[in-house]
Amino acid sequence: MRQAIDRDALLYRDMTKRYIRMERGEGIYLYDQEGHRYIDGCGGAAVVNIGHGVPEIAEAMARQARKATFIYSGLFANEPATQLAGKLIEMAPAGMSKVLLLSGGSEATETAVKVARQYHLERGNASKYKVIARRQSYHGNTLAALSLSGRIQWRRPFVPYLQDFPHIDPPYCYRCPYGKTYPSCGIACAGDLERTVEFEGPEYISAFIAEPIVGASLPGVAPPPEYYEIIRQICDKYDILMISDETITGVGRTGLPFGIDHWGITPDIIVTGKGLSGGYTPLAAVLVHEKIVEAIRRGSAIHTQGYTYAANPLSATVGLAVLEYIEKRELIERSAQMGTRLLQELDRLRGAGIVGDIRGRGLLVGIEFVRDPATREPFPAEAHVTSRIVDAALRRGLCILPGMADAEGGTCGDQILLAPPFIITEDQIREMADILAAAVGEVRDSVAA
Ligand SMILES: Cc1ncc(COP(=O)(O)O)c(C=O)c1O
């Protein structure tokens, strides 16, 4: 029998809400305790890339569990970790040479910040420590990661604990921070990096971090074609490391191995997580460029980025099995193809009267809702449009992720994130779009009433 919520010892994110108890997953579907089926249209949290319940992964996991689940990376090497690191380097842009295996995105972005700092220390640049990030971004919930994050609602209560990391404007063309239009804007948002570096003092700046295509903070927002080339040049000019936070966009989510590949740029550090294990175990990675590895090798040759579960063989086995599954079934190509289909199917939502923007790459897609598509005026926060659309879709058997309220300085604005598993079929995409269209129609009518 289902336990009453007030006797449930788990502290839920929203204590006023009754959460549906999900029991199992298969392919793109989740099933609750009563047997109701839901399309996992957001892959959990852009995590479930190969689908739920894949037997090959469970078998690989069980085989490794029988051999050894834990080998401490502070003392020993293990084969699955070595193989997974090698596989990630094969997938990454040329020049990336070593990998740290970790347990989650926040741990990984924090580690990237510390690796960047060590690079400068090893080269005698002790004053470089600040990391520049962007507003309307997310890099994790631990304190340094939250300091990087431009998610106002999550930062604000913890400001006293946060680092003094500067933030620049996001490349958010739909609501350009400068009121300009591409291409006559001259990519002013990329220029904001150089202005900020000069303002802060280049001697203090260690790195710049960005999500190549934005996740839940500005779902699906991708900068113009020139953007990352300009960012790369500014980083090189001022001896600043470029960190690509691919916690969501890594391992094929956007239709190429890494999100930054859409711009043909090689960053100095790549962070990835989520889909790396497809949700089968907590796993993340930091990929480090040879120039950083070389600086550390020539210097102290030691780093202290140790965590108990780092590079454990069980998680590494899962990551390796997931990457092999993706490779064998050409699922990155499929993410690109199905992403195009999804955008085509969603196009009909534009007629709903409250859809302002539909955007994304591969199977990372965002939809922004507005009161008036002509003026782009957002709904007031009190209308709760995002949560009502999420609820209306869930009632019809579709899980979607709410984006952050990031219009008008973060006080309102309605966005959702779609990130279904790469194995989704064209029929299932059509069903997703049908459900979403009905949910959006319902909320539009109730808001208008
Ligand atoms: C871009 C990005 N970086 C970092 C994180 C933090 O990852 P985790 O929740 O695994 O700590 C997230 C999580 O949503 C993310 O989207």
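Remember, it's a predicted structure, so these values are computed and weren't measured experimentally. (Residues numbered from 1 in each chain as written. Predicted model: local features only at pLDDT ≥ 70, side-chain atom pairs only at ≥ 80, totals over all residues. Heavy atoms only, no water.)

## A closer look at the packing of aromatic side chains
Piece 1. This structure, assessed with the given rule, holds 6 aromatic pairs.
Piece 2. Pairing Y12 with Y19 gives two aromatic rings, centres 5.0 Å apart and planes at 20°, and the pair type is stacked.
Piece 3. For Y19, a relative accessible area of 26% puts it in the partly exposed group.
Piece 4. Ring geometry for F70 and Y72: centres 6.4 Å apart, planes at 15°, overall stacked.
Piece 5. Every member of this aromatic cluster is reached through a ring pair, and the members are F70, Y72 and Y309. (Phe/Tyr/Trp six-rings, centres within 6.5 Å; stacked < 30°, edge-to-face > 60°. Buried < 20%, exposed > 50% of the residue type's maximum accessible area, 1.4 Å probe, protein only.)

## Topic: the site of the ligand
Piece 1. Near the ligand the following residues occur: G104, G105, S106, Y138, H139, G140, E211, D245, T247, I248 and K274.
Piece 2. In the environment of the ligand, a nitrogen atom lies 3.2 Å from a nitrogen or oxygen atom belonging to the side chain of T247.
Piece 3. Between the ligand and K274 there is a distance of 3.0 Å, counted from an oxygen atom to a side-chain nitrogen or oxygen.
Piece 4. For the ligand, whose accessible area on its own is 390 Å², the fraction buried by protein is 78%.
Piece 5. Considered class by class, the residues forming the shell around the ligand number 2 nonpolar, 6 polar and 3 charged. (Near = heavy atom within 4 Å. Polar contact = N/O pair within 3.5 Å; in protein donor to acceptor, adjacent residues only side chain to side chain. Areas by Shrake-Rupley, 256 points an atom, 1.4 Å probe, with all protein chains shown as cover. Nonpolar A, V, L, I, M, F, W, Y, C, P; charged D, E, K, R; others polar.)

## What about helix α10 (residues 313–328)?
Three or four residues apart is the spacing at which side chains of an α-helix point the same way, because the helix has 3.6 residues per turn.
Piece 1. Along its 16 residues, α10 runs 22 Å from first to last C-alpha, staying within 8% of the 22 Å computed at 1.5 Å per residue.
Piece 2. Along α10, 13 of the 16 residues are buried, which leaves the element largely enclosed by surrounding structure.
Piece 3. Just downstream of α10, E330 is the residue with a positive phi angle, here 50°. (Helix = DSSP H or I, 4+ residues; strand = E, 2+ residues; numbered from the N terminus. Expected span 1.5 Å × (residues − 1).)

## Considering the sheet that holds strand β12 (residues 364–369)
As a general point, the strands of a sheet are linked pairwise by backbone hydrogen bonds and lie either parallel or antiparallel.
Piece 1. Pairing is antiparallel in the open sheet, where 4 strands are placed in the order β11-β12-β15-β14. At either end of the open sheet lies a strand with only one pairing partner, and these are β11 (355–361) and β14 (401–402).
Piece 2. Most of the contacts of helix α13 (residues 426–448) go to strand β15 (residues 414–418), to which it runs at about 165°, and overall it touches β11, β12 and β15. (Pairing = 2+ DSSP bridges. Contact = heavy atoms within 4.5 Å. Axes fitted to C-alpha atoms, helices over the stretch in contact; angles between N-to-C directions.)

## Observations regarding the pattern of salt bridges
Piece 1. Per the counting criterion, the structure on display carries 32 salt bridges.
Piece 2. Across the salt bridge formed by K237 and E194, the nearest N and O atoms sit 2.6 Å from each other. A residue pair is termed long-range when its members are at least 10 positions apart, and K237 in helix α8 (residues 227–237) and E194 in helix α7 (residues 188–200) qualify at 43 residues.
Piece 3. Overall, E194 belongs to the partly exposed group, its relative accessible area being 25%.
Piece 4. A salt bridge links K291 to D268, with the nearest nitrogen and oxygen atoms 3.0 Å apart. Taken as a pair, K291 in helix α9 (residues 290–298) and D268 in the loop between β8 (241–246) and β9 (269–272) lie far apart in primary sequence, 23 residues in all. (Salt bridge = Lys/Arg side-chain N within 4 Å of Asp/Glu carboxyl O.)

## A short note on the domain arrangement of the chain
Piece 1. Assigned domains within the chain: domain 1 (5–54 + 330–448) and domain 2 (56–328).
Piece 2. Inter-centroid distance (C-alpha atoms) of domain 1 to domain 2 is 25 Å.
Piece 3. Listed as interface residues are 44 residues of domain 1 and, on the opposing side, 44 residues of domain 2.
Piece 4. Both sides of the domain 1 and domain 2 interface together cover about 3500 Å² of buried area, and 56% of this is carbon and sulfur.
Piece 5. Contact with domain 2 buries surface across domain 1, with V54, I332 and R361 losing the most and accounting together for 21% of the total.
Piece 6. Counting across the interface, domain 1 meets domain 2 through 1 salt bridge.
Piece 7. The salt bridge involving E368 is made with R175; its shortest N-O contact spans 2.8 Å.
Piece 8. At the boundary of domain 1 and domain 2, one finds 24 residue pairs in polar contact (both at pLDDT 80 or more).
Piece 9. Top element by residues in the side of domain 1 that touches domain 2 is β11. It accounts for 5 residues. (Domains from an automatic or database assignment. Buried area = accessible area lost by both parts, 1.4 Å probe.)

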